[in-house]
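Spelled out, the chains give:
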Amino acid sequence: MRHAGGAGKPASSSAILRAVIGTASPGVFRLRIPLALGLAAAILYGAAALSRDFWAPDEPDFAEAVREMGERGSYLLPYQNGKPYSEKPILYYWAMAATTPLTGGDVHPAAMRLPSILSGAFLVFAASALAGFRGTQREALVAGAATASAPLIFWQAQFIQIDAFFTALLLAAFLCQLLAEDDPRREKGWVWAFHVLLPLAVLAKGPLAVVLTGLVALVRSALTRSLRPVLVLKPLRGAVVFAALVVPWYVLASRAGGPEYTYDLIVKQNWVRFTHAFDHIQPWWYYLEKVWGDFSPWTLPALAAPLVLSRSGLFRRRPELGFAATVALTCFAFLSVSQSKQGKYLLVAYPLAAVLLAASVEQLESLRGRGLALLRSYLLLCAGVLLGAALALTPVAARKAPGFAKLAPWVAVPVAVGAAGTMVVWGRRRDRAWPALLALAATLAAAETAAAVVVFPAIDVLKTGRPFYDRIRPLVSSGEPLAYFGDPYRCYPILRLRRRTEHLVGEDALAAWISRTPGAYVLVDESERRKWSRPDLARLVVVDSQPTGQDRILLLRAP
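These figures come from a predicted structure and were not determined experimentally. In this convention, every chain numbers its residues from 1, walking through the sequence in written order. Only residues with pLDDT of 70 or above have their local features reported here, since the model is predicted, and side-chain atom pairs are shown and tallied only from 80 upward, although totals for entire chains, interfaces and linings are computed over all residues. Based on all heavy atoms of the structure, the side-chain values leave hydrogens and waters out of the count.

Student: For the overall build of the chain, give the residues involved together with the corresponding values.
Tutor: Runs of H or I in DSSP of at least four residues are treated as helices and runs of E of at least two as strands, each being numbered from the N terminus. The helix and strand inventory of the chain stands at 26 helices and seven strands. Against the globule reference of 24 Å for 559 residues, the chain gives a C-alpha radius of gyration of 26 Å, in line with a compact fold. Counting only C-alpha atoms and orienting by the principal axes, one finds that the chain spans roughly 80 × 60 × 45 Å. Contacts: residue pairs with any heavy atoms within 4.5 Å of one another. In the chain, once contacts between residues fewer than 6 apart in sequence are set aside, the share between residues at least 24 apart is 74%. Surface summary for the chain: the accessible area is close to 24,200 Å², and the carbon and sulfur share equals 65%. Within this scheme the basic residues Lys and Arg register as positive and the acidic residues Asp and Glu register as negative, but His and the chain ends are omitted. Just so you know, the charge point we use is NZ for Lys, CZ for Arg, CG for Asp and CD for Glu. If you average the places of the 59 positive and of the 38 negative side-chain charges in the chain, the two averages end up 10 Å apart. The size measure is the radius of gyration over C-alpha atoms, and the globule rule it meets is 2.2 Å times the number of residues to the 0.38 power. Accessible surface area values rest on a Shrake-Rupley calculation with a 1.4 Å probe, where residue burial reflects the displayed protein chains alone.

Student: Outline the sheet that holds strand E7 (residues 551-557), listing residues and values.
Tutor: Here five strands make up an open sheet; going across it, the order is E4-E3-E5-E7-E6 and the pairing mixed. The sheet is open, and its two edges are formed by strand E4 (502-504) and strand E6 (541-548), each paired on a single side. Across the sheet, the mean angle from the axis of one strand to that of its neighbour is 20°, orientation sign disregarded. The pairing of strand E3 (residues 482-485) with E4 spans three bridges and is classified as parallel. Counted as the bridge partner of Ala483 is Glu502 from E4. Strands are labelled as partners when DSSP assigns at least two bridges between them. Lines fitted to C-alpha atoms define the axes, with helix axes restricted to the stretch in contact, and inter-axis angles between N-to-C directions lie between 0 and 180 degrees.

Student: Residues and numbers for the nonpolar core, please.
Tutor: Grouping buried Ala, Val, Leu, Ile, Met, Phe, Trp, Tyr and Cys residues that are joined through side-chain atoms within 4.5 Å yields what is termed a nonpolar core. Three exposure classes are used, based on accessible area relative to the maximum for each residue type with a 1.4 Å probe and protein chains only: buried under 20%, partly exposed in between, and exposed over 50%. Counting 147 residues, the largest nonpolar core has Tyr45, Tyr93, Phe174, Trp249, Trp298 and Leu379 as the members making the most contacts within it. Sort the elements by how many residues they give to this core and helix H9 (residues 163-182) lands first, with 14 residues. Ignoring any residue separated from it by four or fewer positions in sequence, one finds Trp298 in contact with Ala146, Ser149, Ala150, Leu357, Leu379, Leu437, Leu440, Ala441 and Leu444. Grouped together as the second largest cluster of nonpolar side chains are 15 residues, Ala511, Ala520, Trp532 and Leu540 included.

Student: Provide a residue-level description of the environment of Ala401, including the pertinent values.
Tutor: With respect to the helices, strands and loops of the structure, Ala401 is situated in the loop between helix H19 (370-400) and helix H20 (408-428). Looking at Ala401, the relative accessible area reads 31%, which means it is partly exposed. Measuring from C-alpha to C-alpha, the distance between Ala401 and Gly293 comes to 23 Å, with 108 residues separating the pair along the chain.

Student: Any chance you could break down the packing of aromatic side chains for me, citing the residues and the numbers?
Tutor: Only Phe, Tyr and Trp rings are paired, with Trp represented by its six-membered ring, and only when their centres lie within 6.5 Å; those with planes under 30 degrees apart are stacked, over 60 edge-to-face, the remainder tilted. All told, the structure shown has 19 aromatic pairs when counted by the stated rule. Their ring planes at 80° and their centres at 5.0 Å tell us that Trp249 and Tyr250 sit as a pair that is edge-to-face. Centroid distance Phe295 to Tyr350: 5.1 Å. Interplanar angle 15°. Geometry classified as stacked. Separated by 55 residues along the polypeptide, Phe295 in the loop between helix H14 (286-294) and helix H15 (299-312) and Tyr350 in helix H18 (residues 349-367) bring together distant segments of the chain. The same class applies to Phe295 as to Tyr350, namely buried. Taken together, Trp55, Trp155, Phe159 and Phe456 form an aromatic cluster joined through their ring pairs. Two thresholds decide whether a charge sits over a ring: the Lys NZ or Arg CZ must be within 6 Å of the ring centre and within 35 degrees of the ring normal. Directly above the aromatic system of Tyr79 lies the positively charged group of Arg72, at a separation of 3.6 Å from the ring centroid. Geometry around Phe278 places Lys268 over its ring, the cationic atom sitting 4.8 Å from the centre.

Student: Can you tell me about the environment of Arg539, naming the residues and giving the values?
Tutor: Within the secondary structure layout, Arg539 lies in the loop between helix H26 (535-538) and E6. Residue classification places Arg539 among the exposed positions, given a relative accessible area of 52%. Sequence separation between Arg539 and Leu556 is 17 residues, and the spatial gap between their C-alpha atoms is 9.6 Å.

Student: Quick one: what's the story with the pattern of salt bridges, residue by residue and with numbers?
Tutor: Here a salt bridge means any side-chain nitrogen of Lys or Arg lying within 4 Å of a carboxyl oxygen belonging to Asp or Glu. A complete count under the given rule lists 33 salt bridges for this structure. A salt bridge links Asp460 to Arg466; the shortest N-O distance between them is 2.7 Å. A salt bridge links Arg530 to Glu526; the nearest nitrogen and oxygen atoms lie 3.4 Å apart. Taken together, the shared-partner salt bridges in this structure form one network comprising Arg134, Glu139, Asp182, Arg318 and Glu320.

Student: Lay out the packing of helix H2 (residues 32-49) against helix H6 (residues 114-131) with the relevant residues and their values.
Tutor: Relative orientation of the contacting elements H2 and H6 amounts to 155°, with a least axis distance of 8 Å. Between H2 and H6, the interaxial angle falls into the category roughly antiparallel. Classified by chirality, the crossing of H6 by H2 is right-handed. Across the interface between the two elements, Ile33, Pro34, Leu35, Leu37, Gly38, Ala41, Ala42, Tyr45, Gly46 and Ala49 of H2 pack against Ile117, Gly120, Ala121, Val124, Phe125, Ser128 and Ala129 of H6. Our angle categories are set so that under 35 degrees counts as roughly parallel, over 145 as roughly antiparallel, 65 to 115 as roughly perpendicular, and the remainder as oblique. Handedness of a helix crossing follows the sense of rotation of the near helix relative to the far helix, less than a right angle counterclockwise being left-handed and clockwise being right-handed.

Student: Now, about the confidence of the model for the chain: what can you tell me, with residues and values included?
Tutor: Across the chain, each position has a pLDDT score giving the predictor's confidence in that residue, from 0 to 100. On average, residues of the chain carry a pLDDT of 92, and 95% of them reach 70 or more. In the model, residues 1-28 has pLDDT below 50 throughout and makes 55 contacts with residues more than four positions away in sequence or in other chains.

Student: Give me the lowdown on the pairing of strand E5 (residues 521-525), citing residues and values where you can.
Tutor: Of all five residues in E5, four are buried, a share of seventy percent or more. Pairing between E3 and E5: three bridges, direction parallel. By the bridge assignment, Tyr484 is partnered in E5 with Leu523. Bridge analysis of E5 against E7 gives five bridges, and the strand direction is antiparallel.

Student: Report on unusual backbone geometry, specifying residues and quantitative values.
Tutor: Omega for the peptide link from Ala56 to Pro57 comes to 5°, which places this bond in the cis form. Residues Ser296 and Pro297 are joined by a peptide bond in cis, for which omega reads 0°. You will see that Lys234, though not glycine, has its phi angle at about 50°, which is positive. Turning to its location among the elements, Lys234 is positioned in the loop between helix H12 (228-231) and helix H13 (235-275). In this structure, Arg368 is a non-glycine residue whose phi angle is positive, near 55°. Tracing the backbone through its elements, the reader meets Arg368 in the loop between H18 and H19.

Student: Summarise the side chain of Gln177; cite the residues concerned and give the values.
Tutor: Structurally, Gln177 is set in helix H9. In this view, Gln177 contacts Phe194, Thr213, Val216, Ala217, Leu233 and Phe323; residues no more than four positions away in its chain are not counted.

Student: Outline the environment of Asp544, listing residues and values.
Tutor: Mapped onto the secondary structure, Asp544 falls in strand E6. For the pair Asp544 and Leu555, spaced 11 residues apart in sequence, the C-alpha separation works out to 5.3 Å. Those residues in contact with Asp544 that sit more than four places away from it in its chain are Phe468, Arg471, Ile472, Ile553, Leu554 and Leu555. Of the polar contacts made by the side chain of Asp544, one reaches the side chain of Arg471; its length is 2.8 Å. Any pair of N or O atoms that falls within 3.5 Å is considered a polar contact. Within protein, one atom must be able to donate a hydrogen and the other to accept it, and sequence-neighbouring residues count only if both atoms are side-chain atoms.

Dropping the structure here:
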């Protein structure tokens, strides 16, 4: 990687920053900052991963699928409650299964979050490295810090979901795509890396990776009026590598899972979800709303960044910035067309937005004009909002959530100190924005750390209902008939009880099962039970119960 700009002189009081930034010679970009930020992010995400059990809805489902793969001794397909689970391809399950030797062959929350933790850390590393590719080392610091502290990235990097893992593979493929265009001397190696990463991304989440990288190549060709962005990727050779890596598993999985599994895996979870969504149905403008919270507080300056970079001509002088903008906008536009939308689907755009933000901050500081003043005012406003929220948190918690009010100071104090510190830094460096921006990112990281080590453990039982399953295990541990009522099926009960259950959806099906099953037990949420209209179901007796989230889990039995 190349580095054309200097690191800039840090504040004289910033000895730590000075030690991190170092004095790299021009023309050589060192990975010290990206690696340090990636490690710090991994520690932050790891603190959250160690603090809690499997949280619904997705974590128990993934964990149970991996547990049943190990129980069967076959890792070809994931299973849930004894049935093939077709929502995603296999690679993420393999990554989670690879952590089980660390915990005696069993599934464990902290170990199974390792793929997400490492993926989140890679997003931070990649944003920092790309920002420093031709920019200054300050840009590397700003891009990495903004990425690490973004709320959505923090959440996905410590949660058992496929999105951080998939995004890391996809972003790595995009970076290889960029480097293949940018560096003819090493083009061959980057193209081969792209050819391997793209199939891995498909094995993680399906053909979306092919669509997005292909669209980016076409858009780049249109913008540059050249076929090089497409031809440099050697699409014919790439198709052969893709087929060799992807097709065998799909063929074997389709034979093992049967036609229904194959249709659901290939057609329903991709084409149908995109065109005629069956869940997460949102309007086309959904992401215009979501970006404000998911990338807060960096969304506004990141949205202004392309204007700053375009006016300054940096898009022409630094192709990686244009590439980052192209990827982010292409993903945003394409995913907005889909009927099914979730904020995490847009995860790949945020490290790239952080790169644009960092370059625009550097440019505004070099101009010392109105733009810098506006950015500094925005950072001061954010610090003020955080300070006000910290001061209000304890009294508001005492009024709205008295059971957890004692936790409020543990969050409020670090946020208040960080926000006040940001204001001090802001006042001392009136000609700069990046010190205050880093202080603001550190404040957000402090809030996330407090959530990870204090709040998450405190609400763990409420989120999982774990004591309830520990209490009822003696009642149902010897093969007693047990049914789970409701749709969709959620796996925490069988994961905690270590046994399968019947799965019943309609009232008639439940009543028929109870009538032919002496001694039957039924697990059901209280909100579902309230909807029942059959008199015979109303006679079921509550054996045990416990609050879970906004609901209550019940164990019922016929009198």
